[in-house]
Structure formats: C-alpha cells, structure tokens
Amino acid sequence: MSRVLHWFRTDLRTHDNLALAAAQAAGTVIALYIATPRQWQLHHDAPVKQDYWRRNLHALDEELRALGIPLVCVEVPAYADIPPLLGRLLTLWQVGALHCNREYACNEEGRDARVREVCRGLGVPMHVHDDDVLVAPERVMNRSGEPFKVFTPFARTLRAMLPPHGI
C-alpha cells in the first residue's frame, strides 16, 4: 500500500468524512492540518473561532491516534505559503496521493488550484471530495448551463437529482 496524505482544513472530524475515508481505502494515511494565522486575520476570524479549531484539533488528534493515523500540524502565515509547503512534504514523505474535502470560498478555491498545480508537477494525484453538500454546486445549473437565479426552479432541479426516497 502506498502512503496517502489527508489534508484537514475546516472539516476536523473522522466520522462522515469522505476524503478521509477515501484516503484510508487508498493506503497508509498521514493526516495534515495547516494553520494560517495571517489568513485568519484577513478573513476576520474571531479569537473564539480560532480557539474552537484548536480544541477540535486536540479531539481530532485523539480520534486519529485510535485509528493509527498520525496528525501533523504545521503553521504558515497565509494560503500563498501552502502550495510550496505541500510540495516539500509530498516529496519528503513520498506520498502517492493527496486527499481533501472541497472548500467553496473564493480564496480557498484559488489556494486549491495552486496546490493542484504543485501536485501535477510532482505527479501526485490530488483527490478533492465534495463533502457536506447534497450535490456539488456546479452540477445544479439551468438549461443554459448557468447557475440559477430563482430558488423554485433550482429546488425543482435539485430534487430531481436526488434519490427518490431522499437521502
């Protein structure tokens, strides 16, 4: 089995985590959390939110230890520092694949695009999972292939995509 990196972001849980489950199925997992204090300031993340993440990291570490998965926590100032860091870690740890759950905000999408480029350059597949959503946002489009602007047609289209008896 190959070594697989699971990158935790705001999804600090072991239960019902699509990316973590996929990583576990793919090989020996190393879990990674990257703190970005300058980015938190840019996003105006309150100290209570940062404290919440820290406390959840401690609980996550205990859960991962019970699963035999090491958690590595690293701090860099901002999202721009993450792609080169991941490039070094993927190489150093001889990782065969990177798994993470998708984050939909603009800065996060940009960060992930730059990480994807680094992974592509190293020949390491990056598997981004749609977790915490019923359907990936880009799958629910109107007949013109654009996002809906009115809720009722959006809801009708979304319901048609779901299993007949709900989730």
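Rules behind the numbers
Counting restarts for each chain: residues are numbered from 1 in the order of the written sequence. At least 70 in pLDDT is required for a residue's local features to be given in this predicted model, at least 80 for side-chain atom pairs to be given and counted, and no such filter applies to totals for whole chains, interfaces and linings, which use all residues. Calculation of side-chain values draws on the structure's entire complement of heavy atoms; hydrogens and water are dropped beforehand. Counting from the N terminus, the helices are DSSP H or I runs at least four residues long and the strands are E runs at least two residues long. For each residue, the accessible area found with a 1.4 Å probe, counting protein chains only, is set against the maximum for its type, and the residue is called buried under 20%, exposed over 50%, and partly exposed in between. Side-chain rings of Phe, Tyr and Trp, where Trp is taken by its six-membered ring, are said to pair if the distance between their centres is within 6.5 Å; with planes under 30 degrees apart they count as stacked, over 60 as edge-to-face, and otherwise as tilted. Throughout this description, the term charge over a ring refers to an Arg CZ or Lys NZ atom that lies within 6 Å of the ring centre and within 35 degrees of the ring normal. Pairing between strands is defined by DSSP: at least two bridges between them are needed. Fitted lines through C-alpha atoms give the axes, limited to the stretch in contact for helices. The angle between two N-to-C directions lies from 0 to 180 degrees. Throughout, a residue-residue contact means that at least one pair of heavy atoms, one from each residue, lies within 4.5 Å.

**With respect to unusual backbone geometry**
A positive phi angle, near 55°, is found at Asp16, a position not held by glycine. Relative to the assigned elements, Asp16 resides in the loop between β1 (2–8) and α1 (18–26). What makes Asp16 exposed here is its relative accessible area of 64%. The phi torsion at Gln94 lies on the positive side, around 50°, for a residue other than glycine. Tracing the backbone through its elements, the reader meets Gln94 in the loop between α4 (82–92) and β4 (97–101). The exposure class assigned to Gln94 is exposed, which follows from its relative accessible area of 63%.

**So, the packing of aromatic side chains**
Applying the stated criterion across every chain yields a total of zero aromatic pairs. Its end group placed over the ring of Trp7, Arg9 keeps NZ or CZ at 4.2 Å from the ring centre. Here Arg111 stacks its cationic end above the ring of Tyr79, 4.6 Å away from the centre of that ring.

**With respect to the sheet that holds strand β2 (residues 27–35)**
The strand order β3-β2-β1-β4-β5 describes an open sheet built from five strands, whose pairing is parallel. Across the chains shown, the open sheet's two edge strands, defined by having one partner strand only, are β3 (71–75) and β5 (126–129). The average undirected angle you get between the axes of adjacent strands in this sheet is 25°. In the sheet, β1 pairs with β4 via four bridges, with the strands oriented parallel. Paired with His6 across the bridge in β4 is His99. Sitting on the sheet, helix α3 (residues 47–66) is in contact with β1, β2 and β3, with an inclination near 155° to β3. Of the strands in this sheet, β1, β4 and β5 touch helix α5 (residues 106–122), which is tilted by about 150° from β5.

The values are spatial; any link to function lies outside them.
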